[in-house]
Amino acid sequence: MILAARQLGWAHSIPDGPDGKRGEKSQIEIARANGGDVTLPPQRCQYLFEWLCQAGPAQSGAMGPVGLSASELQAWASCSAIELQPWEFAALQRASRAYCTAYASADDCPPWGGTDGLSDPAEVEKQMMNAMRSI
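Residues numbered from 1 in each chain as written. Predicted model: local features only at pLDDT ≥ 70, side-chain atom pairs only at ≥ 80, totals over all residues. Heavy atoms only, no water.

Caption draft 1: Spatial organisation of the pattern of salt bridges. Inspection of every chain in the model, using the stated rule, returns one salt bridge. Asp37 is the salt-bridge partner of Arg32, the closest N and O atoms lying 3.1 Å from each other. (Salt bridge = Lys/Arg side-chain N within 4 Å of Asp/Glu carboxyl O.)

Caption draft 2: Local environment of a negative patch on the surface. A contiguous patch of negative charge on the surface is contributed by Asp16, Asp19, Asp107 and Asp108. As for its placement among the helices and strands, Asp108 is situated in the loop between α5 (86–104) and α6 (121–133). (Patch = residues over 30% accessible without salt bridge, like charges linked within 9 Å, V, L, I, M, F, W, Y side chains within 5 Å. Areas by Shrake-Rupley, 256 points an atom, 1.4 Å probe, with all protein chains shown as cover. Lys, Arg positive; Asp, Glu negative; His and termini not counted. Charge placed at Lys NZ, Arg CZ, Asp CG, Glu CD. Helix = DSSP H or I, 4+ residues; strand = E, 2+ residues; numbered from the N terminus.)

Caption draft 3: Region of interest: the packing of aromatic side chains. On inspection of all chains with the given rule, the structure shows three aromatic pairs. With centroids separated by 4.9 Å and ring planes inclined at 85°, the aromatic side chains of Tyr47 and Trp51 adopt a geometry described as edge-to-face. On the criterion of helical spacing, the pair formed by Tyr47 and Trp51 is a turn pair, its members being four residues apart in helix α3 (residues 46–55). For Tyr47, a relative accessible area of 31% gives the class partly exposed. Accessibility expressed as a relative area gives 17% for Trp51, which makes it buried. Ring plane angle 20° and centroid distance 6.1 Å describe the contact between Tyr99 and Tyr103, whose orientation is recorded as stacked. Taken together, the residues span about one helical turn, with Tyr99 and Tyr103 both in helix α5 at a distance of four residues. Judged by relative accessible area, which is 7%, Tyr99 ranks as buried. (Phe/Tyr/Trp six-rings, centres within 6.5 Å; stacked < 30°, edge-to-face > 60°. Buried < 20%, exposed > 50% of the residue type's maximum accessible area, 1.4 Å probe, protein only.)

Caption draft 4: Geometry of the packing of α3 against α5. For the pair α3 and α5, interaxial distance at closest approach is 10 Å and the crossing angle is 60°. Taken together, α3 and α5 sit at an angle that is classed as oblique. Our pair here, α3 against α5, has a crossing hand that is right-handed. In contact with Tyr47, Leu48, Trp51 and Leu52 of α3, α5 contributes Trp87, Glu88, Ala91, Leu92, Ala95 and Ser96. Here the residues of the contact of α3 with α5 sort into eight nonpolar, one polar and one charged. (Axes fitted to C-alpha atoms, helices over the stretch in contact; angles between N-to-C directions. Parallel < 35°, antiparallel > 145°, perpendicular 65-115°, else oblique. Left-handed = near helix turned anticlockwise from the far one by under 90°. Contact = heavy atoms within 4.5 Å. Nonpolar A, V, L, I, M, F, W, Y, C, P; charged D, E, K, R; others polar.)

Caption draft 5: Expanded view of the side chain of Ser96. Tracing the backbone through its elements, the reader meets Ser96 in helix α5. Once residues within four sequence positions are removed from consideration, Ser96 is found in contact with Leu52, Pro57, Ala58, Val66, Gly67 and Leu68.

Caption draft 6: Just the nonpolar core, in detail. Residues Trp51, Leu52, Leu73, Trp76, Leu84 and Leu92 are the most contacted members of the largest nonpolar core, which totals 18 residues. Every element with two or more residues in this core is listed here: α1 (2–12), α3, α4 (70–79) and α5. The dominant element in this core, judged by the number of residues it contributes, is α5, at five residues. For Leu84, the residues in contact, after removing those within four places along its chain, are Trp51, Leu73, Ala77, Phe89 and Leu92. If you look at the next biggest cluster of nonpolar residues, it comprises six residues, including Trp10, Ile28, Ala31 and Ala102. (Core = buried A, V, L, I, M, F, W, Y, C linked by side-chain atoms within 4.5 Å.)

In structure tokens form, the structure reads like this:
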């Protein structure tokens, strides 16, 4: 689940644009615009990852997303009528922190899988041809 949280955080991150300033699109938006997608790794505890997404993988901080606090996670579990086991609670907090770390990273490579699936060469070629025609 930690790796899936890192992959999701990376997918939601917004890389710098060509001018060095913050870009406008997230990694997943860029991949989809290029005919690709960001895939998640297989998981043994799918329900924990679903809970992380339901709780929100992060909470707002002063400088961007931060990991879920104990009180935030406890409030979500209580309102969702879920009794978290101590190990589930700890795993959700670790995954939330992993999401935030990947979200804040400026890395162009996804934490899981290669970059091959991020774009379809035929789609990139089609977009290049359209761009060249418009010149």
